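Summary of structural features
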Amino acid sequence: MAVSAFARMELRCPRELDPRLNWTLGDVLTELDALQATRRAAPPTPLKQPPEWASSAREKAFVMRVEEEDDSEEEDDNGDEDSRALVTTGARFSCNDLELSFEESGDELDCSGTSYSLMEKRSIEKSILLELEREHHLKIQEEVRNKLSSLEVCHQNEIQRTISAFARLQKYAESRKELDRRLDVQFQRKIAEVLDKHLSMVQSDHEQKSQIVERRIRDDAAVEEAKRREQSMKEEKIKQERTRLEAEARQKAAAKLAAEAQKAAYEAAKKEALEKEAAKLRAEAVSKSGQISQNSVAHATIVNSIEMKSELPGIKVYADSSALKAESRRRALQDQVPSNIYLSKEFSRHDRLIGKSISKLMPTTDSVKARASELIKALDGQDCPRPIACRLFADKMISIVKSRNPKDKTFGNLAFACGYVMLLVTNQVPDAMDYLLAEFHKVCMYTVPKHLHALNAQARNTDYYRLIGYQEEDGKLQSTEAYLVNVVAYVKLYAAMIQTEIKGVRHPHGLAEGWKWLAMFLNTLPAITATAFALHAFLKTAGFALHKKYGSQFMKILDVISRQFIPALKEQGSKVQPEAISNLENYLKDKKHLEEPEGQYLAQQLLSKGYM
């Protein structure tokens, strides 16, 4: 059954012709992509020619819709109110000939005939205008899309240009740095050239001035020669008078020294008699007493060693008899000259002269030669007796340990320089060696070698510490650490003198004496902290020279140190400083006796060339 129904028709046109003003870039791109897809699917056909329905008898366009329910029509009327505003409402009409049938699941719906709502007829101009507006809208969208694409390309190109510009800027900066560096080097080279040229000019000018001064001096000397001849007679008389006075002064000084020497010899003989008597009493006491430990007796009765009492009670002496005799002889010789002789107005000038020469000593070849020449000249002078000059020389030479810092690393090089000076001086003035050794024995007993051991706490008093070499600082005895530093410095200076050798120069106290000292040291002295430091200082300075001369015999000495001396140190535990043990162990482990001590070879070679 055919059923009549309403149909509503309207023109296809956008509900909103104006673009939204608040679109973002993403919205624009999305809309453009959608329009592009729609255009490709069904490209619009512009209404360049009037449509077929425009040529019919009807002049008005209409909208045809099929309304199924009244409710839906009302909802459409309410929901599409805005869209209908753009469409012209047509007149309703009845179409009796139109029959529409709807079939849903086999059921038929009967609808009563109703009138159709027709739109007013639209003109061709408006349709064409609408189509032109739509084309204009699409054109604007295409322009916007092209503009965005061009902007994106420009943005990418700008990024590339920025990166390229930054790279060029970095390259330019690097090139500028390299250029600045080259310019700086060139500038420094020019400065050096200008400075060299300036120094050359200064030197040339200085030489010219020196020549002018020399010529002027010669001219002045020629002028003054006449005046000197006139005064020669007067000066000769004055010189003769001065010589007579100096001879009288030397005679008085010699008489005084002879009297002091006789007094010292008398005191030494008296002291020796007392020591013999004390040794005799001690031997009797030892024979009667059976409480002395076997270890102490065995240590005290080593071959060529003696044990004797000192001036202070409760003190045990460890030393070899020959070493003690040599020390006594040298000390007696030194005591002939008073220790405060430098306070005398007559000899204070010589003391200052010798001290000034030694204070200028540096570990260089030129300095060693100059100082040795000055000291030899001072000791051979006629203004000062030889014993006094030797005593002053020994005192100033050994006191270099006090005037210089023994903890400084350069003190080792200075000790070798002192060894060369002492060898050169004593080679020309042999008497000075006994005074040097006596001064060594006075400031450090381990150069004998000798050790004084306090048997009890009562004997370990201030006099005992002064006797073993502790010095006073601000009215107080120095610390043990400072004492050990001085022991190391004095032994190092003594070893440097022993091992020094110059070709063509005889050494009055050379390596043979050093070998003898090392044997007596290990045979007589106990293994304690002070002896360990002294032994290490001696080996470190003279070990290379001793090994070079004695070879396998020196290796036996090192074996004795490894098997006997070091274990004896370790047996005492905390009484011995760990550093004393580690120094000897590292010396043996690292084979330091095969390494030449720093500061020895260069000075020795240069001096050998100068004194061949």
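These numbers come from a predicted model, not from an experiment.

What follows covers the overall build of the protein. Counting its secondary structure elements, the protein contains 19 helices and 11 strands. Going through the 612 residues of the protein one by one, you find that 31% of them count as buried. Here the analysis covers contacts within the protein between residues at least 6 apart in sequence; of these, 76% occur between residues at least 24 apart. Approximately 40300 Å² of the protein is accessible, and the part contributed by carbon and sulfur atoms is 52%.

Attention now moves to unusual backbone geometry. Residues Val448 and Pro449 are joined by a peptide bond in cis, for which omega reads 0°. Inspection of the secondary structure assignment puts Pro449 in the loop between helix 12 (431-443) and strand 9 (450-454). We note that Lys591 has phi near 55°; this positive angle belongs to a residue other than glycine. Relative to the helices and strands, Lys591 is located in the loop between helix 18 (578-589) and helix 19 (601-610). In this structure Lys591 comes out as partly exposed when scored by relative accessible area, which is 48%.

Confidence in the prediction for the protein averages 76 pLDDT; 71% of positions are at 70 or higher. Across residues 66-118, confidence stays below pLDDT 50; counting only partners more than four residues off in sequence or on other chains, it has 85 contacts.

A few words on the pairing of strand 9. Judged by how many residues are buried, strand 9 sits mostly within the fold: 4 of 5 residues are covered. Judged from the 5 bridges that link them, strand 8 (residues 315-320) and strand 9 form a sheet pairing that is antiparallel. Pairing of Lys316 across the sheet is with His453, part of strand 9.

Let's shift gears to the nonpolar core. Taken as a class, soluble globular proteins show a tendency for nonpolar side chains to be buried jointly. Grouped together as the largest cluster of nonpolar side chains are 100 residues, with contacts concentrated most on Tyr446, Phe538 and Phe565. When neighbours within four sequence positions are excluded, Phe538 is seen to be in contact with Val491, Tyr494, Ala495, Ile498, Gly514, Trp517, Leu518, Gly543 and Leu546.

Once that is clear, we can look at the packing of helix 6 (residues 321-335) against helix 12. One can describe the packing of helix 6 onto helix 12 by two numbers: an axis separation of 9 Å at closest approach and a directional angle of 105°. When the interaxial angle is binned, helix 6 and helix 12 end up roughly perpendicular. The segment helix 6 lies against helix 12, with Glu327, Arg329, Arg330, Arg331, Leu333 and Gln334 engaging Asp434, Tyr435, Leu437, Ala438, Glu439, His441 and Lys442. In terms of residue class, the contact of helix 6 with helix 12 is built from 4 nonpolar, 2 polar and 7 charged.

Moving on: a nonpolar patch on the surface. On the surface, Ile124, Ile128 and Leu132 cluster together into a nonpolar patch covering about 220 Å² of accessible area. Within the secondary structure, Ile128 is located in helix 4 (residues 124-288).

Another aspect to go through is the pattern of salt bridges. Per the stated rule, a full pass over the model turns up 17 salt bridges. Put simply, Asp463 and Arg466 hold a salt bridge, and the shortest N to O gap is 3.4 Å. You can see Asp463 and its partner Arg466 sitting in helix 13 (residues 462-468), 3 residues apart, about one turn around the helix. For Asp463, a relative accessible area of 43% puts it in the partly exposed group. A relative accessible area of 40% means that Arg466 is categorised as partly exposed. The closest approach of N and O atoms between Glu585 and Lys570, which form a salt bridge, is 2.7 Å. Of this pair, Glu585 sits in helix 18 while Lys570 sits in helix 17 (residues 552-571), placing them 15 residues apart in sequence. Among the residues examined, Glu585 registers a relative accessible area of 29% and is labelled partly exposed. Connected through shared salt-bridge partners, Glu178, Arg181 and Arg182 make up one network.

If you check helix 18, its first and last C-alpha atoms are 16 Å apart, about what 12 residues at 1.5 Å a residue would give, namely 16 Å. Here helix 18 has its buried residues at Ala580, Ile581, Asn583, Leu584 and Tyr587. The buried residues of helix 18 occupy one face: seen down the axis, they fall within an arc of 160°. Opposite the packed face of helix 18, turned more than 90 degrees from it, sit the exposed residues Pro578 and Lys589. Looking at the buried residues of helix 18, the elements they touch are helix 16 (529-550) and helix 17. Following helix 18 by one or two positions, Lys591 adopts a phi angle in the positive range, close to 55°.

How two aromatic rings sit relative to each other is given by the distance of their centres and the angle of their planes. Summed over all chains, the structure comprises 8 aromatic pairs. On the basis of an interplanar angle of 75° and a centroid distance of 5.0 Å, the ring pair of Tyr465 and Tyr470 is categorised as edge-to-face. Residue class for Tyr465 comes out partly exposed when judged on its relative accessible area of 25%. On the basis of relative accessible area, Tyr470 is assigned to the buried category, the value being 12%. Taken together, the aromatic side chains of Phe440, Tyr494, Trp517, Phe521 and Phe538 make up a single cluster linked through ring pairs.

Let's shift gears to the environment of Asn413. Counting through the fold element by element, Asn413 comes out in helix 11 (residues 411-428). Taking relative accessible area as the criterion, Asn413 reaches 22% and is therefore assigned partly exposed. Beyond its immediate chain neighbours, meaning those up to four positions away, Asn413 contacts Pro363, Glu598 and Gly599.

Attention now moves to the packing of helix 7 (residues 345-359) against helix 8 (residues 365-379). Following both chains from N to C, one finds helix 7 and helix 8 inclined at 165°, their axes separated by 9 Å at the closest point. If you check the angle between helix 7 and helix 8, you find them roughly antiparallel. Along this stretch, helix 7 crosses helix 8, giving a crossing that reads as left-handed. Contacts between helix 7 and helix 8 involve Leu353, Ile354, Ser357 and Ile358 from the first element and Arg371, Glu374, Leu375 and Ala378 from the second. Here the contact of helix 7 with helix 8 is built from residues that sort into 5 nonpolar, 1 polar and 2 charged.

The rules behind the values
Residues numbered from 1 in each chain as written. Predicted model: local features only at pLDDT ≥ 70, side-chain atom pairs only at ≥ 80, totals over all residues. Heavy atoms only, no water. Helix = DSSP H or I, 4+ residues; strand = E, 2+ residues; numbered from the N terminus. Buried < 20%, exposed > 50% of the residue type's maximum accessible area, 1.4 Å probe, protein only. Contact = heavy atoms within 4.5 Å. Areas by Shrake-Rupley, 256 points an atom, 1.4 Å probe, with all protein chains shown as cover. pLDDT = per-residue confidence, 0-100. Pairing = 2+ DSSP bridges. Core = buried A, V, L, I, M, F, W, Y, C linked by side-chain atoms within 4.5 Å. Axes fitted to C-alpha atoms, helices over the stretch in contact; angles between N-to-C directions. Parallel < 35°, antiparallel > 145°, perpendicular 65-115°, else oblique. Nonpolar A, V, L, I, M, F, W, Y, C, P; charged D, E, K, R; others polar. Patch = residues over 30% accessible without salt bridge, like charges linked within 9 Å, V, L, I, M, F, W, Y side chains within 5 Å. Salt bridge = Lys/Arg side-chain N within 4 Å of Asp/Glu carboxyl O. Expected span 1.5 Å × (residues − 1). Arc of directions from axis to C-beta. Phe/Tyr/Trp six-rings, centres within 6.5 Å; stacked < 30°, edge-to-face > 60°. Left-handed = near helix turned anticlockwise from the far one by under 90°.

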